[in-house]
Amino acid sequence: RKTAPLPEDIRARKGGAPLVSLTAYTTPMAQLMDAHCDFVLVGDSVGMVLHGLESTLGVTMEMMILHGRAVRRGLAQAMMVVDMPFGSYEESPEQAFRNAARLMAETGCAAVKLEGGVQMAGTIAFLVKRGIPVMAHVGLTPQSINTLGGYKVQGRGAAGDRLMADAVAVAEAGAFAVVLEKVPAALADRVTAGIAIPTIGIGASAGCDGQILVVDDMLGLFTAFKPKFVKRYATLGDQAEAAVAAYAEEVRSRRFPAAEHVFADARPGEGA
Ligand code: KIV
Ligand code: NA
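Here the structure is a predicted model, which is why all the values come from computation and not from measurement.

About the criteria used
Residues numbered from 1 in each chain as written. Chains lettered and ligands numbered in written order. Predicted model: local features only at pLDDT ≥ 70, side-chain atom pairs only at ≥ 80, totals over all residues. UniProt positions renumbered as here; feature names shortened; annotations may be inferred. Helix = DSSP H or I, 4+ residues; strand = E, 2+ residues; numbered from the N terminus. Contact = placed C-beta atoms within 7 Å. Near = placed C-beta within 6 Å. Nonpolar A, V, L, I, M, F, W, Y, C, P; charged D, E, K, R; others polar. Pairing = 2+ DSSP bridges. Axes fitted to C-alpha atoms, helices over the stretch in contact; angles between N-to-C directions. Core = buried A, V, L, I, M, F, W, Y, C linked by C-beta atoms within 7 Å. Buried ≥ 20, exposed ≤ 12 C-beta atoms within 10 Å, placed from the backbone. Expected span 1.5 Å × (residues − 1). Arc of directions from axis to C-beta. Parallel < 35°, antiparallel > 145°, perpendicular 65-115°, else oblique. Left-handed = near helix turned anticlockwise from the far one by under 90°.

Peer 1: Let's hear about the UniProt feature "binding site: Mg(2+)" (unreviewed entry) in the chain: which residues, and what values?
Peer 2: In the UniProt entry, the feature "binding site: Mg(2+)" (unreviewed entry) is given for Asp-44, Asp-83 and Glu-115. The largest pairwise C-alpha distance within this set of annotated residues, which runs over 72 residues, is 10.9 Å, so the set is compact in three dimensions. Within the element layout of this structure, Asp-44 appears in the loop between strand E2 (39–42) and helix H3 (46–49). Not counting residues within four places of it along the chain, the set of residues in contact with Asp-44 comprises Thr-56, Val-59, Met-64, Asp-83 and Pro-85. Mapping Asp-83 onto the fold places it in strand E3 (residues 79–83).

Pasting the structure below:
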């Protein structure tokens, strides 16, 4: 049985075999991906996929800690990263440290992730110097949806150089890896070649050093919308709804419970 990699092991995978990662929010989902993923992200996407929020802006530290603790119990071999929620790190490096330290202490995560490039480089350096491994996240950063003006592709045309500068800034600040979300494939390849830390693509390029998807998206459990970059590897939501419909029909027609699901009167030697 292998033990979980450390952030520095993930960093060392730059240019090697692709890093595999998914999000998770619960113990059973973490358990079933543990042997297959290098790291698991407790993403603030939890707000949208499990709590019905319309964006990630309403996600709190308490939500990240609760789900982080649940995922922690389900992992033995994969490293765990926890997202810093909106409003928990942007104000100052000190605020970021306080909340990142709390996430690490209360969830047992190996690293935190935060959104932002050049703007957040000072904060990333502050955290790393004080013992907190940081995964960065550039390109489409959903916590900035209201200033980005929608979930559109980032870094097209002249904006590509700014995105490259963001990736370079977080790498130089000491991040051990960086998520590239929803950027042109050629730009993702250029960034991957241009920085010394692994790029983790989502809506980026197969040439990135690793990939991540939201688990409820790839399993077909979250179906409110499907970004182009999501590949559905299963349709569990459809299967779950069909199962619920079958149950409802059998209850209404008194075909459930059947003889094998009910109990006879007590017989000698038989317990509950
Ligand atoms: O919250 C999340 O799920 C993420 C991934 C999409 C990278 O940040
Ligand atoms: Na996130």
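So, next bit.
Peer 1: Explain the site of ligand 1 to me, and be specific about the residues and the numbers.
Peer 2: By nearness alone, every residue bordering ligand 1 is listed as Thr-23, Leu-41, Gly-43, Asp-44, Ser-45, Asp-83, His-137, Val-179, Ile-202, Ile-212 and Val-214. Taken together, the residues that form the shell around ligand 1 break down as five nonpolar, four polar and two charged.

Peer 1: Which residues make up the UniProt feature "active site" (unreviewed entry) in the chain, and what are the values?
Peer 2: Per the UniProt record, the feature "active site" (unreviewed entry) sits at Glu-181. Among residues more than four places away in sequence, those in contact with Glu-181 are His-137, Gly-139, Leu-140, Ile-202 and Gly-203.

Peer 1: Can you explain the sheet that holds strand E7 (residues 199–202)? Please cite residues and give values.
Peer 2: If you trace the eight strands once around the closed barrel, you get E1-E2-E3-E4-E5-E6-E7-E8, paired in parallel fashion. Strand-to-strand twist in this sheet, taken as the mean axis angle between neighbours without regard to direction, amounts to 25 degrees. Pairing analysis gives four bridges linking E2 to E3, with the strands arranged parallel. Among the inter-strand pairings, Phe-39 is bridged to a residue of E3, identified as Met-79.

Peer 1: I'd like a description of the nonpolar core, backed by residues and values.
Peer 2: In this structure, Val-40, Met-80, Val-81, Val-112, Val-170, Ala-175 and Val-178 are the most contacted members of the largest nonpolar core, which totals 69 residues. If you tally residues by element for this core, the top one is helix H8 (residues 159–173), at six residues. Setting aside chain neighbours within four positions, we find Val-81 in contact with Phe-39, Leu-41, Cys-109, Ala-110, Ala-111, Val-112, Lys-113 and Met-135.

Peer 1: Let's hear about helix H4 (residues 61–72): which residues, and what values?
Peer 2: Between its terminal C-alpha atoms H4 stretches 16 Å, which fits the 16 Å expected from 12 residues at 1.5 Å a residue. Within H4 the residues assigned to the buried category are Met-64, His-67, Gly-68 and Val-71. Looking straight down H4, one finds that the buried residues subtend no more than 110 degrees of arc, so they occupy a single side. For H4, the elements touching its buried residues are helix H2 (27–33), E2, H3, E3 and helix H5 (93–107).

Peer 1: Explain helix H11 (residues 236–252) residue by residue, including any values.
Peer 2: The terminal C-alpha atoms of H11 lie 24 Å apart, and with 17 residues this matches the ideal 24 Å at 1.5 Å per residue to within 8%. Of all the 17 residues making up H11, zero are buried; the element is thus mostly uncovered. Of the residues flanking the end of H11, it is Arg-254, one or two places downstream, whose phi is positive at about 60 degrees.

Peer 1: Tell me about the packing of helix H6 (residues 121–129) against H8, residues and numbers included.
Peer 2: Between two packed helices, what matters for the description is the angle formed by their axes and the separation of those axes. One can describe the packing of H6 onto H8 by two numbers: an axis separation of 8 Å at closest approach and a directional angle of 20 degrees. Between H6 and H8, the interaxial angle falls into the category roughly parallel. Considering only the axes of H6 and H8, their crossing is right-handed. Counting all contacts with H6, which are made through Ala-121, Ile-124 and Ala-125, the residues of H8 involved are Ala-169, Val-170 and Ala-173. Within the contact of H6 with H8, the residues separate by chemical class into six nonpolar, no polar and no charged.

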